[in-house]
Amino acid sequence: MRNFLPYLVSTVLLLLSFPLLLSSQTISGSIKDQAGNPVSAVQIHAKGSKRMAQSDAEGKFTYTFAETDQKILQMSKDGFLALEYALSPDQSGEPISLVIIAGTNLSAEVLDPTNIPVVELGSDDITNEASSSQDISGLLHASRDIFLANATFNLSAGRYRIRGYNSEYSSIYMNGLPVNDLEAGQVYWNEWGGLNDVMRNRENTAGLFPAQFGYGDIGGAANIDVRASKQRKETRFSYGSANRNYRHRLMATHSTGMMSNGWAFTGSVSRRWAQEGYVPGTFYDAFAYFLGVERRINEKHSIGLTVFGAPIKRGMATSSVQEMYDLAGTNYYNPNWGFQGGEKRNARVASTHQPIIMLRHDWAIKKNSALTLGASFQFGRNGSTAIDWYQAKDPRPDYYSRLPSYVQDSATAASVADILRTDEASRQIDWTSMYNTNYNSYGTYVQNGDTVTARRAQYVIEERRNDSREFNINALWNQTIGSRLQLQSGATYRYYRGHNFKVLTDLLGADYTVDIDKFAESDIQDNPLAKENDLQHPGRILKVGDSFGYNYNAHVRTMEAFQQAIFKLRKWDLNAAAKINYNQFWREGLYQNGRFPDNSLGDSEKLDFLTYSVKAGVTYKINGRNYAFVNGLIGTRAPLFRNVYIAARTRDQVIANPVAEQNTAAEAGYVFRSPLLKLQATGYYTKFDHQTDVVSFYDDELVGNSEAGFVNYVITDLQKTHTGLELAAEYKLSSMFTLQAAAGIGDYIYSARPQASIYQDNYLDPLVAKRTIYLKNYYLANTPQQAYTGGLRIQGKQFWFININANYYAKMYLDPNPNRRTVEAVQGVEPGSELFHSIIDETKLQDAFTLDLFGGKSWKFGKYFIYFNLGINNILNNKDFVTGGFEQLRFDFDGFNVNKFAPRKFYAYGINYFASLAFKF
C-alpha cells in the first residue's frame with residue numbers, strides 16, 4: 001500500500017485494542033478520521049473471509065477472527081483505498097495506529113460548478129457477501145449514489161434538475177440547520193460562494209431515503225458540516241483561472257484540526273474577480289470569509305461557533321430574443337450594457353452580502369444517545385439595479401418596438417436591421433442619450449406649496465432590494481437501541497423578515513425625481529392621490545439614497561417537529577418518519593399607498609397553515625451485492641409567501657382561498673455492487689397538486705378595456721406529475737481505467753387545467769377576467785427531461801487522472817405563456833389551422849451534445865503537496881445549445897402574431913475552462 005500513499009487526501013486513524021488468542025482473536029476498536037471524527041460504514045474482514053463487520057455511526061466495530069482465518073485485517077469504504085494489516089504473534093493488547101488513504105468526495109466539489117474536482121480515489125472493493133449467520137451491510141451507508149455523483153456534476157451545464165424538481169423541494173442544511181429561504185423556498189448558494197475549502201464535508205441523501213440530520217424532502221437532502229473540528233488539518237493556498245463568470249480566484253485556508261488542548265480553529269478567505277466574464281458587459285467582484293472555532297469541553301460536550309459571508313457584486317447578463325442574437329452575430333448578446341465615456345457600463349448590477357452566524361452544541365448523553373442543539377442568525381443585503389423611466393421611451397435596446405420585425409415597411413425594416421447588425425452601440429443601452437434627456441428636463445415642480453426649479457429625471461437607476469433577517473433554532477436527538485433500532489427526533493423554529501423596497505442609486509445627471517406611480521398617474525386621473533406611493537409623504541422629492549416606490553416586510557414563522565425510526569434486520573432495512581409543520585406569514589406595509597390607503601400600511605391579517613408529511617421505506621438486502629428498495633411519501637406543505645399575495649409591493653390582498661399544496665411521491669429501485677461493477681436503477685412517480693403562481697406584467701390587451709395596463713396574473717389549481725427512470729453504471733476495466741454512465745429519463749407534465757384570475761394592478765378588486773388554461777399534458781420547461789452522460793476515468797500510478805465525459809440533452813421546452821393557451825387567445829382562429837397551432841403548440845428545443853475533459857496531477861515533497869487541476873467544458877464549442885427560456889407573457893390578441901413578443905432564450909457557454917493550482921502542507 002506504500003505505493004498509494006501519495007494519493008493521500010485525508011487520513012483515517014484506527015485505534016485497536018484487543019487480547020491476542022492462540023486460536024481466535026476478537027478485535028474491538030473505533031475508526032476516526034484525521035480530525036478525530038468517527039467514520040461509519042467501513043467494511044472490515046479477515047483476508048479471504050466472507051464474514052464482514054462494519055463500523056457503526058460512532059465509528060466503533062468488533063471483529064472476531066475464526067481459527068482458520070489469516071490474521072490479516074482488511075478495511076475498505078467507497079472513497080478510500082483499501083488497507084491490509086497483518087497481526088504479528090507477539091502483539092499485546094496495546095492500541096495499534098493504522099492509516100488508510102481517503103479519496104475526495106466528488107459531490108462536495110459540485111457546490112461550486114466552476115470548481116474542478118480533484119480525482120476521486122475509489123476503494124479497491126472486496127467481496128462483501130455475508131454468510132448466513134452474519135448481517136448484511138445496509139444499502140444506505142454501503143456506497144455513494146452513483147447516479148447523483150454523475151448527474152449533479154456532469155449534467156449541470158445543461159441546467160439538468162434531478163427528477164425535474166424545483167430547488168425548494170430539496171432540503172439543504174448547514175451544521176444541521178436548514179438554509180432554504182423562507183420567502184422564496186430556494187437555496188442561494190452564492191451566500192457561501194468562494195469557500196470551497198471549508199464546504200467539502202457534505203452528506204447527501206437521495207430521494208426519499210432517510211437522512212441522518214433531518215426529515216429531508218421529496219428531492220432529497222444534504223448537510224454541509226462546517227464545524228472547525230471537521231475540517232482537515234492543513235494550510236492551503238490556491239489560485240484559479242477561468243473564462244466563465246470570473247477570471248481569477250485566490251483562496252487561503254488554515255485549519256488546526258482538534259488540538260490536544262481541546263480547541264479547533266479554521267479560517268478561510270477568498271477573492272474572485274473579472275473585469276469582464278464570458279458574456280460581454282458582465283463583471284465580477286467577490287470576496288468571502290470564514291471563521292470557525294470549536295471547543296471540546298470534555299468527552300461529552302463540544303461547542304462551536306461559525307461565522308461566514310460572501311460579499312458579491314456582479315454585472316448581470318440576461319436573456320434576449322433570437323432576432324437580436326442573429327443581428328448581433330452571437331448567442332451571447334447581452335442587452336444590459338452600453339458604452340459610457342468609452343467604457344462598458346452594466347445597468348443590471350447584483351450586489352449581495354448576507355453573513356451567517358452559527359452556534360452548535362454537541363452533547364453525547366450516553367454511549368448510544370446524543371443531542372445536538374443549534375442556532376443561527378442571518379442578516380444583510382440583497383439587491384439588483386435596473387433602469388426606470390418616466391414620460392420617456394423604453395431604453396431597452398431589444399424592446400419589441402425597436403426590432404426590425406415590428407416595422408411594417410419592408411425597406412425601413414431592412415435599414416433598421418442593417419444598423420443593428422453593423423453598429424454595436426445601436427444594440428446596447430444608450431447612456432449618453434439618457435443623460436442628455438435628463439440634462440434637458442429643466443423645469444418647475446410644486447410640492448406642498450414649495451416650488452422646485454431643477455432638472456427632473458426622466459431616467460434613473462433604482463436598486464430593488466430584498467434585505468432579510470432570519471433566526472433559526474434547532475434540536476436533533478439521536479438514539480440507538482441495541483443493534484437494530486435507530487431513533488431520531490427533531491424540532492426547528494425559524495423566524496424570517498424580508499424587507500422589500502427600492503432605493504434610488506443614480507439620477508443620471510438630473511437633480512431629483514418624485515415618488516409617484518407612473519401607471520396610476522395615467523390610469524386614474526380622477527383621483528389625484530392615487531399616484532402617490534406613500535400618502536404620508538405625498539409628492540416626495542427623491543435624491544440618491546432615498547427609498548421609494550414600495551416598502552414592506554414579509555414576515556414568516558415556521559415551527560416543525562419530526563420523528564424517524566430506522567430498523568435494521570439481517571435481510572431487511574425498514575424506515576418510517578412523520579413531520580408536522582406550522583407556518584404563519586403576514587405582510588407589514590411601511591408605506592400607505594394612494595391606490596390602497598386601507599390595505600397597504602401596517603400588519604395584514606396573519607395566514608396560518610398546519611401541514612404534515614409521512615414517509616416510509618423498505619430495503620431488501622438480497623445479499624451483500626444486490627439490494628432492492630421501495631420508498632413512499634404523502635403530505636402537504638404551505639404555499640410560499642410570494643405565491644399568496646396578489647401584489648405585495650402595494651397591498652395586502654391575497655388570492656382567493658389559499659390552500660396547502662398536496663404532494664405524493666414514490667420510488668423503487670435496484671442496486672448492484674461488486675468489486676468491478678456497480679449498477680443502479682430507480683423508478684419514481686411524484687404528483688404536486690394545488691400549487692399557486694402569481695406573475696405580474698404589462699398587458700397590452702387588458703381584458704374588457706381598450707387601454708393596456710399592468711396586471712397581476714394569478715394561476716391556481718396547478719397540478720404537475722413527474723415520472724421517470726434513473727440509471728447509472730460504473731465498471732472498473734482495470735486499476736487504471738473505469739467506465740461511468742448515467743441516464744435520467746423523465747416525463748414531467750402539467751396533469752390538469754389550471755385556472756387564471758387576472759387582476760388590474762392599480763385597483764383593489766377589479767377581477768378583470770377568469771380563464772381556464774389548457775396546459776394539461778404540456779411538458780414542464782427549463783430542464784432536460786432526458787439527459788445522458790458517459791465517460792472514461794483514467795487514473796495513473798504517477799498521481800494523475802483524466803476524466804472524459806460525453807453528455808446528451810433531449811426533450812427540452814420553452815416555458816409556455818399561459819395566456820396563449822386559453823379559448824380567448826384563439827377566438828376567431830380556425831381550429832387546426834397553422835395559425836392555431838402556432839399559438840397553442842409548445843415550443844420544443846433542439847437536442848444538444850457536449851464533450852468535457854477534466855484532468856489533474858499531484859506532487860508530494862515531504863510534507864508539502866501540490867495539486868493541479870484543469871477542466872474544459874464543451875470542448876466541441878457547441879454555441880447553439882439553448883438551455884432554457886420562456887415565452888413572454890404579453891400576447892397579440894388582435895393580430896395573433898406570436899412573434900410580436902418573441903420568446904427569450906438562454907444559451908450554454910461555448911468552450912470554457914477552469915484551471916487551479918493549490919499548495920498544501
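For every chain, the first residue of the written sequence is number 1, and numbering continues from 1 onward in sequence order. Whole-chain, interface and lining totals are the exception, using all residues; otherwise, since this is a predicted model, local features are given only for residues with pLDDT of at least 70 and side-chain atom pairs are given and counted only at 80 or more. Hydrogens and water are ignored here; the side-chain numbers use all heavy atoms of the structure.

Looking only at helices and strands, one finds seven helices and 51 strands in the protein chain. The rule is simple: take the accessible area with a 1.4 Å probe, protein chains only, and divide by the maximum for that residue type; under 20% is buried, over 50% is exposed, in between is partly exposed. Taking all 921 residues of the protein chain together, the buried fraction comes to 55%. Sequence-distant contacts, at least 24 apart, represent 70% of the contacts inside the protein chain between residues at least 6 apart. Only the protein chains shown count as cover for residues, and all accessible areas are computed by the Shrake-Rupley method using a 1.4 Å probe. Summed over all atoms, the accessible surface of the protein chain reaches about 38000 Å², with 54% contributed by carbon and sulfur. A run of H or I in DSSP becomes a helix once it reaches four residues, and a run of E becomes a strand once it reaches two; helices and strands are each numbered from the N terminus. Two residues form a contact once any of their heavy atoms are found within 4.5 Å.

Looking now at the packing of aromatic side chains. Stacked, tilted and edge-to-face are the three classes assigned to paired rings of Phe, Tyr and Trp, where Trp is represented by its six-membered ring and a pair needs centres within 6.5 Å; plane angles under 30 degrees give stacked, over 60 edge-to-face, the rest tilted. Here the structure, examined in full by the defined rule, presents 36 aromatic pairs. With a centroid separation of 5.3 Å and an interplanar angle of 65°, the aromatic rings of tyrosine 173 and phenylalanine 213 are classed as edge-to-face. Of the two residues, tyrosine 173 is situated in strand 9 (residues 171-174) and phenylalanine 213 in the loop between strand 11 (202-205) and strand 12 (221-224); the sequence distance between them amounts to 40 residues. Residue classification places phenylalanine 213 among the buried positions, given a relative accessible area of 6%.

Let's shift gears to the confidence of the model for the protein chain. On average, the protein chain scores 87 in pLDDT, and the residues at 70 or more come to 87%. pLDDT under 50 marks residues 1-24. Its contacts with residues more than four places away, or in other chains, come to 96 contacts. Low pLDDT, under 50, characterises residues 99-133; the predicted model gives this stretch 128 contacts beyond four residues in sequence or across chains. pLDDT expresses how confident the predictor is about each individual residue, on a scale running from 0 to 100.

Quick look at the environment of threonine 789 now. Counting through the fold element by element, threonine 789 comes out in strand 43 (residues 786-795). Contacts of threonine 789, omitting those with residues within four sequence positions, involve Asn150, Asn154, Leu155, Gln740, Ala741, Ala742, Asn805, Ala806 and Asn807. Looking at threonine 789, its side chain comes within polar contact range of the side chain of asparagine 805, at 3.2 Å. Polar contact is the term for a pair of N or O atoms within 3.5 Å; when the atoms are in protein, one must be able to donate a hydrogen and the other to accept it, and sequence-neighboring residues count only if both atoms are side-chain atoms.

Turning our attention to a nonpolar patch on the surface. Candidates for patches are residues over 30% relative accessible area with no salt bridge; among them, like charges are joined within 9 Å and nonpolar side chains (Val, Leu, Ile, Met, Phe, Trp, Tyr) within 5 Å. The rule for a salt bridge is simple: a side-chain nitrogen of Lys or Arg has to be within 4 Å of a carboxyl oxygen of Asp or Glu. A cluster of nonpolar side chains, contributed by Phe237, Trp859, Phe861, Tyr864, Phe868, Leu917, Phe919 and Phe921, occupies part of the molecular surface with about 730 Å² of accessible area. When residues of the nonpolar patch are traced back to their parent elements, those giving at least two are strand 47 (848-861), strand 48 (864-873) and strand 51 (912-920). Checked against the element boundaries, phenylalanine 868 lands in strand 48. The exposure class of phenylalanine 868 is partly exposed, given its relative accessible area of 33%.

Following DSSP output, two strands are said to pair if at least two bridges run between them. Bridging between strand 19 (residues 320-321) and strand 50 (residues 904-907) involves two bridges; their strand directions are antiparallel. In the sheet register, valine 321 faces strand 50, and the bridge partner there is arginine 904. One ladder, built from four bridges, connects strand 49 (residues 882-886) with strand 50; its direction is antiparallel. Across the sheet, glycine 884 pairs through a bridge with phenylalanine 906, a residue of strand 50.

As a further point, take the nonpolar core. By convention a nonpolar core is built from buried Ala, Val, Leu, Ile, Met, Phe, Trp, Tyr and Cys residues, the set being connected through side-chain atoms within 4.5 Å. Ranked by internal contacts, the top residues of the largest apolar core, which has 66 residues, are Tyr160, Met324, Tyr713, Tyr809, Ile839 and Phe891. Among the elements of the structure, helix 2 (146-154), helix 3 (322-328), helix 4 (410-422), strand 38 (677-699), strand 39 (709-732), strand 40 (737-750), strand 41 (755-760) and helix 7 (834-840) are those that each provide at least two residues to this core. Looking at this core, the element that brings in the most residues is strand 39, giving five residues. Setting aside chain neighbours within four positions, we find tyrosine 160 in contact with Phe147, Ala151, Leu155, Gly744, Tyr748, Thr783, Pro784 and Ala787.

Pairing is mixed in the open sheet, where four strands are placed in the order 10-9-12-11. Looking at which strands have only one partner, the edges of the open sheet turn out to be strand 10 (177-178) and strand 11. Taken together, the four bridges between strand 11 and strand 12 define a ladder with antiparallel strand orientation. The residue of strand 12 that forms the bridge with threonine 205 is alanine 221.

Spatially, the three strands line up as an open sheet ordered 19-50-49, and their pairing is antiparallel. Looking along the sheet, the strands with just one partner apiece sit at the ends: strand 19 and strand 49.

Expected helix span is given by 1.5 Å per residue-to-residue step, counting one fewer step than there are residues. Counted at 1.5 Å a residue, the expected span for helix 4 with its 13 residues is 18 Å, and the 18 Å between its end C-alpha atoms agrees. What helix 4 keeps buried is the set Ala413, Ala417 and Leu420. In a view along the axis of helix 4, the buried residues occupy a sector of 65°, so they form one face of it. Projecting away from the buried face of helix 4 at angles above 90 degrees are the exposed residues Ala411 and Thr422. Packing partners of the buried residues in helix 4 comprise helix 3. Each C-beta atom gives one direction from the helix axis, and the arc is the one those directions make.

Tracing the sequence through the fold places methionine 174 in strand 9. Apart from the residues lying within four places of it in its own chain, the contact partners of methionine 174 are Val179, Trp192, Met199, Asn223, Ile224, Val226, Phe308 and Met358.

Turning our attention to the pattern of salt bridges. In total, this model carries 33 salt bridges according to the counting rule given. Where glutamate 470 meets arginine 494, a salt bridge forms, and the shortest distance between an N and an O atom there is 2.4 Å. With a gap of 24 residues between them, glutamate 470 in strand 28 (residues 459-481) and arginine 494 in strand 29 (residues 485-506) connect regions that are remote in the sequence. The same class applies to glutamate 470 as to arginine 494, namely buried. Via salt bridges that share partners, Asp225, Arg227, Arg360 and Asp362 belong to a single interconnected network.

If you check which residues of helix 5 (residues 431-439) are buried, you get Trp431, Met434 and Asn438. Taken down its axis, helix 5 places every buried residue within 65° of arc, on the same side. Residues of helix 5 that are buried make contact with strand 20 (337-340), strand 21 (343-346), strand 25 (381-389), strand 27 (450-455) and strand 28.

Before going further, it helps to spend a moment on the environment of aspartate 506. Positionally, aspartate 506 belongs in strand 29. Sequence-wise, aspartate 506 and threonine 385 are 121 residues apart; in three dimensions their C-alpha atoms are separated by 9.9 Å. Leave out the neighbours within four places in its chain, and aspartate 506 touches Arg345, Tyr435, Val460, Ile461 and Val544. A distance of 2.8 Å separates a polar side-chain atom of aspartate 506 from the backbone nitrogen of leucine 508.

Time to look at the side chain of lysine 579. When you line up the elements, lysine 579 lands in strand 33 (residues 572-589). When neighbours within four sequence positions are excluded, lysine 579 is seen to be in contact with Tyr215, Glu560, Ala561, Phe562, Thr611, Tyr612 and Ser613.

Tracing the chain through its elements places serine 613 in strand 35 (residues 607-621). On the accessibility criterion, serine 613 (6% relative accessible area) is buried. Reaching out from serine 613, the side chain makes a polar contact with the side chain of tyrosine 215 at a distance of 2.7 Å. Apart from residues lying up to four places away in sequence, serine 613 is in contact with Tyr215, Ala577, Ala578, Lys579, Leu633, Ile634 and Gly635.

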